[in-house]
Amino acid sequence: GGPNIFCQHVSMAPGVVLAREEVLERFHSATNDLEFDPEQITNDGCIVLAEGLRSNQTLICLKLAGCDLIGVEGFKALAEALKINKALNRLDLHCCAGIGDEVCKAFAES
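Here is a short report on the structure shown in this document. What you are looking at is a predicted structure, and each value in this text was computed from that prediction instead of being measured.

## A short note on the pairing of strand E4 (residues 90–94)
Move 1: Looking at chain direction, strand E3 (residues 61–63) and E4 are connected through three bridges and run parallel. In the strand pairing of E4, Cys61 is matched with Arg90.

## Focus: the packing of helix H3 (residues 72–82) against helix H4 (residues 101–108)
Axes are the key here: two packed helices are described by the angle between their axes and the distance separating the axes.
Move 1: The contact between H3 and H4 brings their axes to 8 Å, and the two run at 10°. It follows from the interaxial angle that H3 and H4 lie roughly parallel. Judged by residue contacts, Val72, Phe75, Lys76, Leu78, Ala79 and Leu82 of H3 engage Glu102, Val103, Ala106 and Phe107 from H4.
Move 2: Split into classes, the residues belonging to the contact of H3 with H4 amount to eight nonpolar, no polar and two charged.

## A few points about the side chain of Asn85
Move 1: With respect to the helices and strands, Asn85 occurs in the loop between H3 and E4.
Move 2: Owing to a relative accessible area of 3%, Asn85 belongs among the buried residues under this scheme.
Move 3: Within the structure, the side chain of Asn85 is placed 2.9 Å from the backbone oxygen of Leu53, a separation counted as a polar contact.
Move 4: Beyond its immediate chain neighbours, meaning those up to four positions away, Asn85 contacts Leu53, Asn56 and Gln57.

About the cut-offs
Residues numbered from 1 in each chain as written. Predicted model: local features only at pLDDT ≥ 70, side-chain atom pairs only at ≥ 80, totals over all residues. Heavy atoms only, no water. Pairing = 2+ DSSP bridges. Helix = DSSP H or I, 4+ residues; strand = E, 2+ residues; numbered from the N terminus. Axes fitted to C-alpha atoms, helices over the stretch in contact; angles between N-to-C directions. Parallel < 35°, antiparallel > 145°, perpendicular 65-115°, else oblique. Contact = heavy atoms within 4.5 Å. Nonpolar A, V, L, I, M, F, W, Y, C, P; charged D, E, K, R; others polar. Buried < 20%, exposed > 50% of the residue type's maximum accessible area, 1.4 Å probe, protein only. Polar contact = N/O pair within 3.5 Å; in protein donor to acceptor, adjacent residues only side chain to side chain.

Here's what the structure looks like:
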């Protein structure tokens with residue numbers, strides 16, 4: 001096994017989005033777990049997280065619940081990173097609108 005992945009869809013209102021640099025800063029300052037509010041991260045931010053996860057072996061829990069601003073491209077990048085990252089054991093994606101068949105297939109293959 002890979003990480004436990006929780007997927008469900010419930011729409012939430014968008015708000016202030018973090019810049020790529022802010023996402024990267026939060027990623028590098030995290031110890032064991034990292035959580036983003038629904039309005040904080042988009043496809044670009046998720047791709048930044050995916051790039052970081054390729055080399056990070058300390059983060060064990062990533063919470064992206066309700067992050068409706070992440071779409072297929074961001075989630076697929078995350079799924080690809082999980083093929084390399086073996087430390088992450090919990091990925092919370094419940095209430096994410098970007099989760100569909102294509103994304104679920106990508107995570108199933110990671």
